Amino acid sequence: TTMDDPPVVVGDIHSSMMGDGGLANVRWDGDDGGLMYRIGFANEYWLALASLMPALTVLNVYMGARVVKNPAWNRAWGRDDVHPPEQGGGTVIGWTTMDDPPVVVGDIHSSMMGDGGLANVRWDGDDGGLMYRIGFANEYWLALASLMPALTVLNVYMGARVVKNPAWNRAWGRDDVHPPEQGGGTVIGWTTMDDPP
């Protein structure tokens, strides 16, 4: 298509977006309205399918797993410096099992030797590793990112559960128009990148 070709509209979208392709309208949990986000417009993918992103546990952890902060974050866990960063991804470089005593796999911080259910993650752009809960105290601070595809005009569907894309590109900015850092929403409409029928 060219920029002059209007996109096909599916479901409910904001009238100001009628001429733009590659946008999804999302109703966030606890909010009655819908907000439009890029799912291909300007080659930007602001959302990801949440239903395919399991929490990282001692049962599904593996060396080299790509992880992000768990989008199903429990507010009771707090928001401290010890928690995973809101943006970006990392790689698992070690963990401890839930065995008694815990078995160490890979590289972990020596202070965590006796604690089970922890994963050591090296975040992109950082040389060190940091330990996060993957079962310790029944808390799951990370999620597998490799199973969470960006929402695009090719995989969007009505009712899709979405979160902010964990592979967020900082060049896209951090403004009020972007998806919220935490929580999920439901797709209620979108525009395609196709010519209308």
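Description of the structure in this document.

Reading guide: rules and limits
- Each chain has its residues counted from 1, following the order in which its sequence is written.
- Note on the predicted model: pLDDT of at least 70 is required for a residue's local features to be given, and 80 or more for side-chain atom pairs to be given and counted; whole-chain, interface and lining totals, by contrast, use all residues.
- In computing side-chain values, all of the structure's heavy atoms are included and hydrogens and water are not.
- In this scheme Phe, Tyr and Trp rings, the latter by its six-membered ring, pair at centre separations within 6.5 Å, and the angle between planes marks the pair as stacked below 30 degrees, edge-to-face above 60, and tilted otherwise.
- Buried means the residue's accessible area, taken with a 1.4 Å probe over protein chains only, is under 20% of the maximum for its type, while exposed means over 50%, and partly exposed covers the values in between.
- Two thresholds decide whether a charge sits over a ring: the Lys NZ or Arg CZ must be within 6 Å of the ring centre and within 35 degrees of the ring normal.
- Every helix listed is a DSSP run of H or I at least four residues long, and every strand listed is a run of E at least two residues long, numbered separately from the N terminus.
- Criterion used throughout: strands pair if DSSP finds at least two bridges between them.
- The term polar contact refers here to a pair of N or O atoms within 3.5 Å; inside protein, the definition further demands a hydrogen-donor-capable atom paired with an acceptor-capable atom, and it admits residues adjacent in sequence only when both atoms are side-chain atoms.
- Contacts are residue-level and defined by heavy atoms, with any inter-residue pair within 4.5 Å sufficient.

**Details of the packing of aromatic side chains**
Point 1. Within the structure shown, the criterion is met by eight aromatic pairs.
Point 2. Between Trp73 and Trp77 the ring centres are 5.0 Å apart and the planes differ by 90°, which places this aromatic pair in the edge-to-face class.
Point 3. The exposure class assigned to Trp77 is buried, which follows from its relative accessible area of 15%.
Point 4. Measuring from ring centre to ring centre gives 5.1 Å for Trp168 and Trp172, while their planes differ by 90°; the resulting arrangement is edge-to-face. Each member of the pair, Trp168 as well as Trp172, is classed as buried.
Point 5. Taken together, Trp28, Tyr37, Trp46, Trp168 and Trp172 form an aromatic cluster joined through their ring pairs.
Point 6. The ring centre of Trp73 lies 4.3 Å from the NZ or CZ of Lys69, which sits over that ring.
Point 7. One cation-aromatic arrangement involves Lys164 over Trp168; the distance from NZ or CZ to the ring centre is 4.3 Å.

**So, the pairing of strand β6 (residues 90–96)**
Side chains on a regular strand alternate between the two faces of the sheet.
Point 1. Counting buried residues in β6 gives six out of seven residues, a clear majority hidden from the surface.
Point 2. Relative to strand β8 (residues 118–123), β6 runs antiparallel, the two being bridged by six bridges. Paired with Trp95 across the bridge in β8 is Ala119.
Point 3. Bridge count for β6 against strand β7 (residues 104–106) is three bridges, and the pairing is antiparallel.

**Comments concerning the side chain of Thr191**
Point 1. As for its placement among the helices and strands, Thr191 is situated in strand β12 (residues 185–191).
Point 2. Engagement of the side chain of Thr191 in a polar contact is seen with the backbone nitrogen of Gly22, the distance being 3.2 Å.
Point 3. Not counting the four nearest positions on each side in its chain, Thr191 is found in contact with Pro7, Val8, Val9, Ile13, Met17, Asp20, Gly21, Gly22, Leu23 and Val153.

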